[in-house]
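Remarks on the overall topology
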2 protein chains.
Amino acid sequence: MSDEQRLIDSLRAIARHPAARGLADDAAVLPSPLGRDLVLTHDMLVEGVHYLAGDPPGDVAWKLLAVNLSDLAAKGAEPIGVLMGYGLTGRPGWDDEFIAGLARALDHFGVPLLGGDTVAQPHGDARVLGLTAIGQVAPGGAPDRRGAQAGDLLVLTGPVGDAGIGLAMARGEITGPRRLLKAYRLPMPRLAEGRALAPLAHAMADVSDGLLIDAGRIAAASGLAVTIDLDAVPLSDEARGFGEDRAARLAAVTAGDDYQLIAAVPLDRRAAAERNGVVVGRFESGTGLRLVDRTGPVPLPATLGYEHRAG
Amino acid sequence: MSDEQRLIDSLRAIARHPAARGLADDAAVLPSPLGRDLVLTHDMLVEGVHYLAGDPPGDVAWKLLAVNLSDLAAKGAEPIGVLMGYGLTGRPGWDDEFIAGLARALDHFGVPLLGGDTVAQPHGDARVLGLTAIGQVAPGGAPDRRGAQAGDLLVLTGPVGDAGIGLAMARGEITGPRRLLKAYRLPMPRLAEGRALAPLAHAMADVSDGLLIDAGRIAAASGLAVTIDLDAVPLSDEARGFGEDRAARLAAVTAGDDYQLIAAVPLDRRAAAERNGVVVGRFESGTGLRLVDRTGPVPLPATLGYEHRAG
């Protein structure tokens, strides 16, 4: 049996939802969710770019699912299912571990695999993985990145910077608590927080590339300026072990891969929003990104976030 | 400006549908089609595997869209939109031509680009492209590949073999009429035929890998045998120029990339089905694939279809 056939057989064992049609049909077919909006996203991972070649394959599967579910979370959506695009590069042992990890991740989030494609890449090429996630949300209930209004508070769902430290650990540059490595390898999409914040928010997005860059994107898309209070940005206890001075905080707000959510919330909904996050800044008329702490303005770092590039 | 940023800007110029949110949001958001079934498919193309490195980039864009729309056609679905996953490999001129071709193809089929992702692949790697197509169909109206019944006719929507000859032309192995090259490079999803046949068919699929292999898959998925009459298989006038003897017909029924549809249609709907296709065989109880012509049984060729493999 070819590697591809073996892989398809193991995917079939996972794809038990009737809409998947046993992965034996041209497409997945399912009833359209009645009176809901559809939310659709497609994110890819490239070996050596978005994950390290030495990362455990099961963790890569988790990340592929999690980064896409995070996009659904950022729109307040509930996942309906996923389709996967999988590049085979002639490492069947890697494939087996990936599929086992994918099965665990799908089970964890209760999301069915509905379909997709497997393709042969030339051996030696960096593996390319893609995933499409489909979700549903109340009609008009998915906040747009472009909807922030002057005066809105910038709300962040939790600590940032953990995954940045975890990445340095994965690269062998530093040692640290295992939970931070896990924050990098097994990011957690904030689905519940997204559903809670969506009805309160004028705009929402996930923090995939770094708090500064992603908050700046909401501001730019909404035609506004945003000011972030560095002292208000939450750090985890484990991250504090690496320092909580300005340098440590600047590292945290420019680190990628944390997958917290950020929302623009009007002042009168502050109390409700704070049940799912912390106020770390404010949108104002104007343009650009400003950083302050208790001492006053803080110069912007040269790099605002983590941009994924091919080696 | 980086190649990636330039590419995203040119995609934004195409993605004018409001559901795409200007490609500036985490996800596409659109109303769920009321009282319809959703049809979802994701197919990938790998350079050197599914298309030739020398193929015109605009034609590759067409093919990426067409092969996915063909999967929707095979379920009788009407396209709603697509999300694209695009691998950048450091050839900006290729990207420009691809995007221009994609814009033309989307316009031709009237399908909006709703979202997707662009990723950097290491330069020198074979490019990987993915596309998710979303369609809609009447509730319960998408025929399953597994639904054929004993006694059903095998209906084919048009000539096969054109793309196989076109592939040999693209490889420089033979010369021939330009329309056959076009059949390979610019395959046409049979959306109208799919919509017409879906209400008549017990099972339907597209012919991507070859008539024998794809008809055999319907039979296997349905727990049936299928017999195909080689003499009944339509060849185009241009293909007949390369011969219409048994060898030519065997080449046609084992060639991939034609993207006709095949349907299992009950006997009493024959006349209606023949408005959109030709009867080329019949499903029966049992298992396996049989080939006949006017002289009687025809031995099966060693290769039943075209399987895409990495070089």
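Computed from a predicted structure; not experimentally measured.

Cut-offs applied
- Residues numbered from 1 in each chain as written.
- Chains lettered and ligands numbered in written order.
- Predicted model: local features only at pLDDT ≥ 70, side-chain atom pairs only at ≥ 80, totals over all residues.
- Helix = DSSP H or I, 4+ residues; strand = E, 2+ residues; numbered from the N terminus.
- Rg over C-alpha atoms; globule rule 2.2 N^0.38 Å.
- Buried ≥ 20, exposed ≤ 12 C-beta atoms within 10 Å, placed from the backbone.
- Contact = placed C-beta atoms within 7 Å.
- Core = buried A, V, L, I, M, F, W, Y, C linked by C-beta atoms within 7 Å.
- pLDDT = per-residue confidence, 0-100.
- Pairing = 2+ DSSP bridges.
- Least-squares fit on C-alpha atoms with pLDDT ≥ 70 in both.
- Axes fitted to C-alpha atoms, helices over the stretch in contact; angles between N-to-C directions.
- Parallel < 35°, antiparallel > 145°, perpendicular 65-115°, else oblique.
- Left-handed = near helix turned anticlockwise from the far one by under 90°.
- Nonpolar A, V, L, I, M, F, W, Y, C, P; charged D, E, K, R; others polar.

1. Some remarks on the overall build of chain A
For chain A, the count of helices and strands is ten helices and twelve strands. Compactness check: chain A gives a C-alpha radius of gyration of 20 Å against a globular reference of 19 Å for 311 residues, within 12% of the reference. Viewed in the frame of its principal axes, chain A has a C-alpha envelope of about 65 × 50 × 30 Å. Expressed as a percentage of the 311 residues in chain A, the buried residues total 56%. Counting contacts in chain A only where the partners sit at least 6 residues apart, residues at least 24 apart contribute 84% of the total.

2. Examining helix H5 (residues 178-185) of chain A
Of the positions making up H5 of chain A, those classed as buried are Leu180, Leu181, Ala183, Tyr184 and Arg185 of chain A. Residues of H5 of chain A that are buried in the fold lie against helix H2 (57-73), helix H4 (162-170) and helix H8 (237-240) of chain A.

3. Quick look at the nonpolar core
Core analysis: the biggest nonpolar cluster contains 206 residues, and Leu65, Leu154 and Ala263 of chain A together with Leu65, Leu154 and Ala263 of chain B have the highest contact counts within it. Ignoring any residue separated from it by four or fewer positions in sequence, one finds Ala263 of chain B in contact with Val155, Leu197, Ala201, Ala203, Met204, Ala273 and Gly277 of chain B.

4. Structural notes on the confidence of the model for chain A
A low pLDDT means the predicted coordinates there should not be read in detail. On average, chain A scores 95 in pLDDT, and the residues at 70 or more come to 98%. Scoring of the predicted complex yields 0.95 for pTM and 0.94 for ipTM.

5. Let's talk about the pairing of strand S10 (residues 278-285) of chain B
Residues and elements named next belong to chain B. Pairing between strand S6 (residues 153-156) and S10: four bridges, direction antiparallel. In the sheet register, Leu153 faces S10, and the bridge partner there is Arg282. Alignment of strand S8 (residues 224-229) against S10, held across five bridges, turns out to be antiparallel. By the bridge assignment, Leu224 is partnered in S10 with Ser285.

6. Topic: the relation of the copies chain B and chain A
What relates the pair of chain copies is a rotation about an axis plus a shift along that axis. Note on the copies: chain B fits chain A at an RMSD of 0.0 Å, the axial shift is 0.0 Å, and the rotation between them is 180°. Both copies of the chain, as the preceding transformation shows, are related through a two-fold rotation axis. No C-alpha of chain B approaches the rotation axis more nearly than that of Asp125 of chain B, which lies at 2.7 Å. A symmetric contact is evident, with 100% of the interface residues of chain B recurring at the interface of chain A.

7. Structural notes on the packing of H2 of chain A against helix H3 (residues 92-109) of chain A
All names here are of chain A. Across the interface, H2 lies against H3 with an axial gap of 6 Å and an inter-helix angle of 40°. Accordingly, the angle class assigned to the pair H2 and H3 is oblique. Here H2 runs over H3; the crossing is right-handed. Within the contact between the two elements, H2 uses Pro57, Gly58, Asp59, Val60, Ala61, Trp62, Leu65 and Leu69 and H3 uses Trp94, Glu97, Phe98, Ala100, Gly101, Leu102, Arg104, Ala105, Leu106 and Phe109. Among the residues making up the contact of H2 with H3, the classes are represented as 13 nonpolar, two polar and three charged.

8. Concerning unusual backbone geometry
With phi around 60°, Tyr259 of chain A is a residue other than glycine that occupies positive phi space. Structurally, Tyr259 of chain A is set in the loop between helix H9 (246-253) and strand S9 (261-265). One non-glycine residue with positive phi stands out, namely Arg21 of chain B, at about 50°. Accessibility expressed as a C-beta count within 10 Å gives 22 for Arg21 of chain B, which makes it buried.

9. Considering the interface of chain B and chain A
Every contact between the two is made by 57 residues of chain B and, on the other side, 57 residues of chain A. Taken together, the elements giving at least two residues each to the side of chain B that touches chain A come down to strand S1 (28-31), strand S2 (37-46), helix H2 (57-73), strand S3 (78-88), strand S4 (113-120), strand S5 (128-137) and strand S7 (203-206) of chain B. In terms of residue class, the side of chain B that touches chain A is made up of 28 nonpolar, 14 polar and 15 charged. Of the pairings in the sheet, the one linking strand S2 (residues 37-46) of chain A to S1 of chain B comprises four bridges and is antiparallel in character. Looking at the pairing, Leu40 of chain A lines up with Ala28 of chain B of S1 of chain B.

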